[in-house]
Amino acid sequence: MRICFIKSLGAVALTLAAAATVTFALEPPQNIIVMPPKDGGYTLVKAIESRHSDRTFVDSDFSSTQVAEILWCASGENRENGGLTVPTALGKKEVFVYAVTKQGIYKFLPNEKKALFVNKGDFRKDAGMQDFVGKAAVNLVYVIDKNLSGGKTDADKVRMGAFSAGAMSQNVALFAASKGYGNVVRGSFDKVKLGKALKLSPSEEILMTQSVGPIAPAK
Ligand SMILES: Cc1cc2nc3c(=O)[nH]c(=O)nc-3n(C[C@H](O)[C@H](O)[C@H](O)COP(=O)(O)O)c2cc1C
């Protein structure tokens with residue numbers, strides 16, 4: 001009797017669950033309609049909904065905590081085995097994030113949970129070709145160390161590193177959206193000038209840059 005009651009409770013639960021989850025079978029050649037998930041992390045979905053590029057940065061400064069939070073999102077350690085917030089080819093962790101701030105430049109070493117000071121001074125203008133770059137609170141620079149890459153050719157190394165850098169910049173873009181910071185990824189920069197400011201070694205190459213910071217209120 002008791003078993004029978006539990007069984008029927010289970011059946012009711014299953015029926016309710018089926019009613020709550022409406023799924024559609026894939027029917028090729030129909031296109032798949034892609035919509036934001038309805039559950040499982042509304043905040044993340046909201047951030048994805050809000051992601052966009054901004055260029056109206058106000059000249060400003062971030063606290064070390066604000067810079068640290070951004071760096072962690074980009075490529076921080078998120079597991080006890082040393083894994084990062086982003087994938088890297090063969091787990092080589094060959095892409096590093098540099099932070100160019102009003103005060104100076106730092107190189108993030110995720111597994112050391114540290115951003116090492118690299119250069120003193122305001123080099124923000126050297127991080128890009130557009131006027132807003134010199135105002136953004138922080139300009140991130142995604143740099144591959146080809147000596148660490150598992151790729152065989154130079155092109156392979158850059159291709160795989162760029163994939164990780166893309167994942168990093170998107171983590172930052174979503175975090176920026178959730179915090180109300182502006183952000184824009186940038187391919188326009190002077191490799192030689194910026195490389196000098198970052199004090200890069202010959203095995204390091206800049207892949208991408210990204211400006212992040214407070215923006216002017218919308219009119
Ligand atoms: C690889 C790449 C390079 C980019 N380079 C620049 C750049 O140098 N300067 C800039 O202002 N925006 C740059 N952008 C941002 C694009 O202009 C922007 O993503 C595009 O206009 C779409 O706008 P949205 O990001 O608001 O959707 C770049 C984007 C990508 C993906």
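One structure accompanies this document, and this report is about it. Just so we're clear, the structure is a prediction, and the values are computed from it rather than from any experiment. Residue numbers here run from 1 along each chain, matching the order of that chain's written sequence. Reporting in this predicted model follows two pLDDT cut-offs: at least 70 for local features of residues, and 80 or more for side-chain atom pairs to be given and counted; totals over whole chains, interfaces and linings ignore these cut-offs and use all residues.

Topic: the overall build of the chain
Starting at the N terminus, helices and strands are each numbered in turn, a helix being any DSSP run of H or I of at least four residues and a strand any DSSP run of E of at least two. For the chain, the helix and strand inventory stands at five helices and six strands. The N-to-C order of helical and strand elements in the chain reads α-α-α-β-β-β-β-α-β-α-β. Counting all 219 residues of the chain, 35% fall into the buried class. In this description, any two residues whose backbone-derived C-beta atoms lie within 7 Å of each other are considered to be in contact. Counted over contacts in the chain with a minimum sequence separation of 6, partners at least 24 positions apart contribute 70%. Each residue is classed by its C-beta neighbour count within 10 Å, where at least 20 other C-beta atoms makes it buried, 12 or fewer makes it exposed, and intermediate counts make it partly exposed; the C-beta atoms are placed from backbone geometry.

Looking at the sheet that holds strand β2 (residues 104-109)
Spatial ordering of the open sheet is given by β3-β2-β1-β4-β6-β5, a layout of six strands whose pairing is antiparallel. Single-partner strands in this sheet number two, and they are β3 (114-120) and β5 (182-186). Across the sheet, the axes of successive neighbouring strands diverge by a mean angle of 25°, strand direction being ignored. The rule for pairing is simple: two strands pair if DSSP sees at least two bridges between them. Examined bridge by bridge, β2 and β3 share six bridges and lie antiparallel to one another. Paired with I105 across the two strands is N119, which belongs to β3. Relative to the sheet, helix α3 (residues 64-75) contacts β1 (95-101), β2, β3, β4 (138-145) and β6 (204-213), its axis offset from that of β1 by approximately 160°. Whenever a helix is involved, its axis is fitted only over the stretch in contact; in every case the axis is a line through C-alpha atoms, and angles between N-to-C directions fall within 0 to 180 degrees.

Concerning the site of the ligand
All residues are tested the same way: a C-beta atom is placed from the backbone, and lying within 6 Å of a molecule or strand makes the residue near it. Close to the ligand lie H52, S53, R55, Q130, V184, V185, R186, G187 and S188. The residue classification treats Ala, Val, Leu, Ile, Met, Phe, Trp, Tyr, Cys and Pro as nonpolar and Asp, Glu, Lys and Arg as charged. All others, Gly included, are polar. Looking at the shell around the ligand residue by residue, the class counts come to two nonpolar, five polar and two charged.

A few points about the nonpolar core
Residues of type Ala, Val, Leu, Ile, Met, Phe, Trp, Tyr and Cys that are buried and joined through C-beta atoms within 7 Å form what is called a nonpolar core. Membership of the largest hydrophobic core comes to 48 residues, with the highest contact counts inside it found for V97, Y98, A99, V138, V141 and V143. Secondary-structure elements contributing two or more residues to this core are α3, β1, β2, β4, α4 (154-179), α5 (191-198) and β6. Excluding residues within four positions of it along the chain, Y98 makes contact with I105, Y106, K107, V118, V141, V143 and L198.

Considering the environment of G213
Inspection of the secondary structure puts G213 in strand β6. Counting along the chain gives 78 residues from G213 to K135, while the straight-line C-alpha distance between them is 8.5 Å. Once residues lying within four places of it in the same chain are set aside, the contact partners of G213 are F57, S60, F62, A136, A137, V138, Y181 and G182.

Some details on the pairing of β6
Of all ten residues in β6, seven are buried; the element is thus mostly enclosed. In this structure, β4 lies alongside β6, joined through eight bridges in antiparallel fashion. Bridging across to β6, N139 finds its partner in S211. Relative to β6, β5 runs antiparallel, the two being bridged by five bridges. Each residue of the ladder has a partner; that of V184, found in β6, is S211.

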